[in-house]
Amino acid sequence: MNQVADFAVVASRRMIFDLPVCDLDWDNALTFVNELASLPVGQTSISFVNAHNMLVMLRDDSYRNVLEQNLVLPDGVGLDIASRVAHGEPFPANLNGTDFVPALLTFMERTKRIGLLGGKRSVVENAAEKFRRHAPWHEYIVVSDGFFDPARSSAVAAEIGRQKIDVLIVGMGTPLQEKWVAEHVGPQHARLVLTVGALFDFISGTVPRAPRLVRALRSEWLFRLALEPGRLWRRYILGIPLFLYQVVRHQFGRRERVLRAEPLQLPQRRIAAPDKLAS
């Protein structure tokens, strides 16, 4: 991640499962990310992390290593629960990618070249058209679908560079998308990279979003479970209790580590004898 971005976010993050997660509200997050996209050098990769992502991270060290290099934004009620337990309050905002990315495109007033990578070809093309209607002052370039042969990764990365992308949006699923970006996408490809999971499915209308009231009640996961029970039941029916267990386990483990820690041994200062002070 760009060193400027890393320095700026130090004072605005909370540790969740020993991972720093940004705790900005909507206005400050949009302003901050817009500034990152406008930096003349370097690159920032942004990940949106929910309870499911956290469980994946706990069993996948390579995924954790990538997230530790990224700017991580909190997505969903699970992160709020973890924050309440660890820090006494929820995150200021639910910065999920499905809402944040369209808001960011609107917030960015200067024209950007927006690259889209991931999903089925028809889905990502449809999503690009929806983005053009949403924020028409940007240019939208479909780089590739998300089902290319891994052996073509270098060619796909070269195409990103050839297109002179400013902001790259990658929707290939977690943790593949984050790992792929970390390995193949550098500052020469884009200033800002957003890894967004199923965003293209939602934007294109391929997968419907929950009604606004359901989202306001923080229950979109129930809507998604009802739509795709066969695919998502493990994530939610098994994943939610496991996540809550990990939250409690980690908090008690943290307390035990603090209590077991040996007192810090301060260096002994040598004090001269009174008679030597006058000499």
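Further up the page is the structure itself.
Residues numbered from 1 in each chain as written. Predicted model: local features only at pLDDT ≥ 70, side-chain atom pairs only at ≥ 80, totals over all residues. Heavy atoms only, no water.

1. As for the pairing of strand β1 (residues 13-16)
- Taking every second residue as pointing to the same face, the buried face of β1 carries Arg14 and Ile16, while none of Arg13 and Met15 on the other face is buried.
- Pairing of β1 with strand β2 (residues 19-22) involves 4 bridges; the strand directions are antiparallel. When the sheet's bridge partners are listed, Ile16 is paired in β2 with Leu19.
- Hairpin connection of β1 to β2: 2 residues between the antiparallel strands, including Phe17 at a positive phi of 55°. (Buried < 20%, exposed > 50% of the residue type's maximum accessible area, 1.4 Å probe, protein only. Helix = DSSP H or I, 4+ residues; strand = E, 2+ residues; numbered from the N terminus. Pairing = 2+ DSSP bridges.)

2. Examining unusual backbone geometry
- Cis geometry marks the peptide bond from Thr174 to Pro175; its omega dihedral reads 0°.
- For Pro175, the position within the fold is in the loop between β7 (167-171) and α9 (176-184).
- We note that Phe17 has phi near 55°; this positive angle belongs to a residue other than glycine.
- On the secondary structure map, Phe17 appears in the loop between β1 and β2.
- For Phe17, a relative accessible area of 4% translates into the label buried.
- Positive phi values are uncommon outside glycine, yet Arg218 reaches one of about 60°.
- Along the chain, the position of Arg218 falls in the loop between α11 (212-216) and α12 (220-227).

3. Describing helix α2 (residues 26-37)
- Spanning 12 residues, α2 covers 16 Å between terminal C-alpha atoms, matching the ideal 16 Å at 1.5 Å per step.
- Within the span of α2, buried status applies to Ala29, Leu30, Phe32, Val33, Asn34, Leu36 and Ala37. (Expected span 1.5 Å × (residues − 1).)

4. Some remarks on the nonpolar core
- Within the largest apolar cluster, 37 residues are counted, with the highest numbers of intra-cluster contacts made by Phe100, Val101, Phe131, Ile169 and Leu194.
- For this core, the leading source of residues is α2, giving 6 residues.
- If near-sequence neighbours (up to four positions away) are discounted, Phe100 is found in contact with Trp26, Ala29, Leu30, Val33, Phe48, Leu73 and Leu95.
- Residues Phe17, Leu55, Val56 and Leu67 belong to the second largest nonpolar core, which totals 18 residues. (Core = buried A, V, L, I, M, F, W, Y, C linked by side-chain atoms within 4.5 Å. Contact = heavy atoms within 4.5 Å.)

5. A short note on the pairing of strand β8 (residues 192-195)
- A two-sided burial pattern is seen for β8, the buried positions comprising Leu192 and Leu194 on one face and Val193 and Thr195 on the other.
- Here strand β3 (residues 44-49) runs beside β8; their pairing, made up of 4 bridges, is parallel. Counted as the bridge partner of Thr44 is Leu192 from β8.
- In this sheet, β8 lies alongside β7 in parallel orientation, the contact comprising 4 bridges. For Val167, the partnering residue across the bridge sits in β8 and is Leu192.

6. Remarks on the side chain of Arg224
- Considering the arrangement of structural elements, one finds Arg224 in helix α12.
- Despite its burial, Arg224 pairs with no opposite charge; the closest candidate is Glu228, at 4.5 Å N-O.
- Not counting chain neighbours up to four residues away, the residues in contact with Arg224 comprise Phe202, Arg231, Leu232, Arg235 and Tyr236. (Lys, Arg positive; Asp, Glu negative; His and termini not counted. Salt bridge = Lys/Arg side-chain N within 4 Å of Asp/Glu carboxyl O.)

7. Notes on the sheet that holds β3
- Pairing is parallel in the open sheet, where 6 strands are placed in the order β4-β3-β8-β7-β5-β6. Edge positions in the sheet fall to β4 (71-74) and β6 (139-144), since each has one partner strand and no second. Strand-to-strand twist of the sheet, defined as the mean angle between neighbouring strand axes without regard to direction, takes the value 20°. (Axes fitted to C-alpha atoms, helices over the stretch in contact; angles between N-to-C directions.)

8. Observations regarding the packing of aromatic side chains
- Counting across every chain of the model gives 6 aromatic pairs.
- Arranged with centres 5.6 Å apart and planes meeting at 35°, the rings of Trp26 and Phe100 form a pair that is tilted. Of the two residues, Trp26 is situated in helix α2 and Phe100 in helix α6 (residues 97-107); the sequence distance between them amounts to 74 residues.
- Classification of Trp26 by relative accessible area gives partly exposed; the value is 27%.
- Take Phe100: its relative accessible area is 0%, and that puts it in the buried class.
- Aromatic pair Phe48 and Phe100: ring centres 5.9 Å apart, planes at 55°, arrangement tilted. (Phe/Tyr/Trp six-rings, centres within 6.5 Å; stacked < 30°, edge-to-face > 60°.)

9. Section: the environment of Ile141
- Position of Ile141 among the secondary structure elements: in strand β6.
- Judged by relative accessible area, Ile141 falls into the buried class, the value being 13%.
- In contact with Ile141, other than residues within four places in its own chain, are Arg113, Ile114, Gly115, Leu116, Gln163 and Ile165.

Distances and angles like these do not, on their own, reveal function.
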